[in-house]
Amino acid sequence: MKLTPLNIVSSGCIVFALLLFFSPDKQLPVQKGMNGLLTGLCILTAIIAFISDLIFRKFIPLLGKLWIVECALIIFTVVLMVILRVSLG
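Owing to the predicted nature of the structure, the values given are computational and were not obtained by experimental measurement.

## Details of the pattern of salt bridges
By the definition in use, this model includes one salt bridge. For D53, the salt bridge is made with R57, and the minimal N-O distance between the two is 3.1 Å. With D53 and R57 both in helix 2 (residues 35–59) and four residues apart, this pair spans about one turn of that helix. For D53, a relative accessible area of 1% corresponds to the buried category.

As structure tokens, then:
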């Protein structure tokens with residue numbers, strides 16, 4: 001099993017979803033009633049990251065190039081989210 005950036009993202013999303021799911025509302029008060037939605041989004045993000053990692057592994061056999069492509073995808077996604085957040089809100 002190779003360690004890749006999308007594996008790290010998917011495992012982080014699963015840990016955060018479990019943290020939101022098993023914590024009482026008093027410890028992590030995101031917003032009232034929003035913990036279930038955020039848990040579902042984290043699980044969905046983990047599934048998408050896992051499937052994307054499998055697709056990238058299929059087409060990019062070298063581990064060094066795989067890290068570069070996956071890090072570029074993560075950076076692109078984060079920059080796009082920041083741009084959308086600033087322009088919409």
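## Digging into the packing of helix 1 (residues 5–22) against helix 2
For any two helices packed against each other, the geometry is given by the interaxial angle and the distance between the axes. Remark: helix 1 packs on helix 2, axes separated minimally by 8 Å, with the N-to-C direction vectors making an angle of 160°. The angle between helix 1 and helix 2 places the two elements in the roughly antiparallel class. Where helix 1 crosses over helix 2, the handedness of that crossing is left-handed. A class-by-class count of the residues in the contact of helix 1 with helix 2 yields 15 nonpolar, six polar and two charged.

## What about the packing of aromatic side chains?
For the structure on display, the rule yields one aromatic pair. With a centroid separation of 4.9 Å and 80° between ring planes, the pair formed by F21 and F22 is classed as edge-to-face. Like F21, the residue F22 is exposed in the burial classification.

Parameters and conventions
Residues numbered from 1 in each chain as written. Predicted model: local features only at pLDDT ≥ 70, side-chain atom pairs only at ≥ 80, totals over all residues. Heavy atoms only, no water. Salt bridge = Lys/Arg side-chain N within 4 Å of Asp/Glu carboxyl O. Helix = DSSP H or I, 4+ residues; strand = E, 2+ residues; numbered from the N terminus. Buried < 20%, exposed > 50% of the residue type's maximum accessible area, 1.4 Å probe, protein only. Axes fitted to C-alpha atoms, helices over the stretch in contact; angles between N-to-C directions. Parallel < 35°, antiparallel > 145°, perpendicular 65-115°, else oblique. Left-handed = near helix turned anticlockwise from the far one by under 90°. Nonpolar A, V, L, I, M, F, W, Y, C, P; charged D, E, K, R; others polar. Phe/Tyr/Trp six-rings, centres within 6.5 Å; stacked < 30°, edge-to-face > 60°.

These figures come from the coordinates and say nothing about function on their own.
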